[in-house]
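# Coordinates in review
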Amino acid sequence: GENVEQHPSTLSVQEGDSAVIKCTYSDSASNYFPWYKQELGKRPQLIIDIRSNVGEKKDQRIAVTLNKTAKHFSLHITETQPEDSAVYFCAASMDGTASKLTFGTGTRLQVTL
Amino acid sequence: EAQVTQNPRYLITVTGKKLTVTCSQNMNHEYMSWYRQDPGLGLRQIYYSMNVEVTDKGDVPEGYKVSRKEKRNFPLILESPSPNQTSLYFCASSLPGASWELFFGEGSRLTVL
């Protein structure tokens, strides 16, 4: 089955700096890659996703890039703010849906003032 | 208000005492799923359901049962809980289509002594 590795496990940045979280996947058939954000004590929420026919997708301060050849995808957050502090999970799916997502182990992002 | 509701939110029980965690969604979603979240392991899928009476195993189904008799409900059953099932459990639902956003419940923290 699919295996998703996520790095780093913790990341501390100063407010206004950029943050990058990287994930690699094992199965070249994977074609759907969502990112979920989980604030402390809250439920995970989808923040952005990308499909394999697209190399990059942006939504305001967040962007995701996908390198199918290297089998890795990354989340980029620019101009970080304290409210970006959370655990971020990447995930991958082989059928283009979220029915059988394999999640990474999570990255705890801390944005310091 | 569109939501996924789980009960109980917190439960401490003992080994072998059967329990059920209920999940209900009011969004008429066809897809529902259960995940467990453990430190350092991310979110792992237990079971999922594509529609009424259609269920399938996820990555960690051992020790769990599910049923989908109605579209809105997807209970998770632990017939004989063991300490290794101590975890934070999330139910999620989605409407299959162009967007496969998972809507998570608030989570159920289960401790098995």
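To keep things clear, this report deals only with the structure shown in the data block.

Calculation notes
- Residues numbered from 1 in each chain as written.
- Chains lettered and ligands numbered in written order.
- Predicted model: local features only at pLDDT ≥ 70, side-chain atom pairs only at ≥ 80, totals over all residues.
- Heavy atoms only, no water.
- Helix = DSSP H or I, 4+ residues; strand = E, 2+ residues; numbered from the N terminus.
- Buried < 20%, exposed > 50% of the residue type's maximum accessible area, 1.4 Å probe, protein only.
- Contact = heavy atoms within 4.5 Å.
- Pairing = 2+ DSSP bridges.
- Axes fitted to C-alpha atoms, helices over the stretch in contact; angles between N-to-C directions.

## Some words on the environment of Arg-109 of chain B
Residues and elements named next belong to chain B.
- Positionally, Arg-109 belongs in strand E11 (residues 108-112).
- For Arg-109, a relative accessible area of 44% corresponds to the partly exposed category.
- As for Arg-109 and Arg-36, which are separated by 73 residues in sequence, their C-alpha atoms are 9.6 Å apart.
- Once residues lying within four places of it in the same chain are set aside, the contact partners of Arg-109 are Arg-9, Tyr-10, Leu-11, Ser-87 and Leu-88.

## Some points on the sheet that holds strand E3 (residues 19-25) of chain A
Residue and element names in this part refer to chain A.
- The five strands lie next to each other as E1-E3-E8-E7-E6, forming an open sheet whose pairing is antiparallel. Edge positions in the sheet fall to strand E1 (4-7) and strand E6 (56-59), since each of these pairs with one other strand and no more. Between one strand axis and the next, the sheet turns through 15 degrees on average, direction left out of account.
- Relative to strand E8 (residues 72-77), strand E7 (residues 62-67) is paired through six bridges, and the arrangement is antiparallel. Among the inter-strand pairings, Ile-62 is bridged to a residue of E8, identified as Ile-77.

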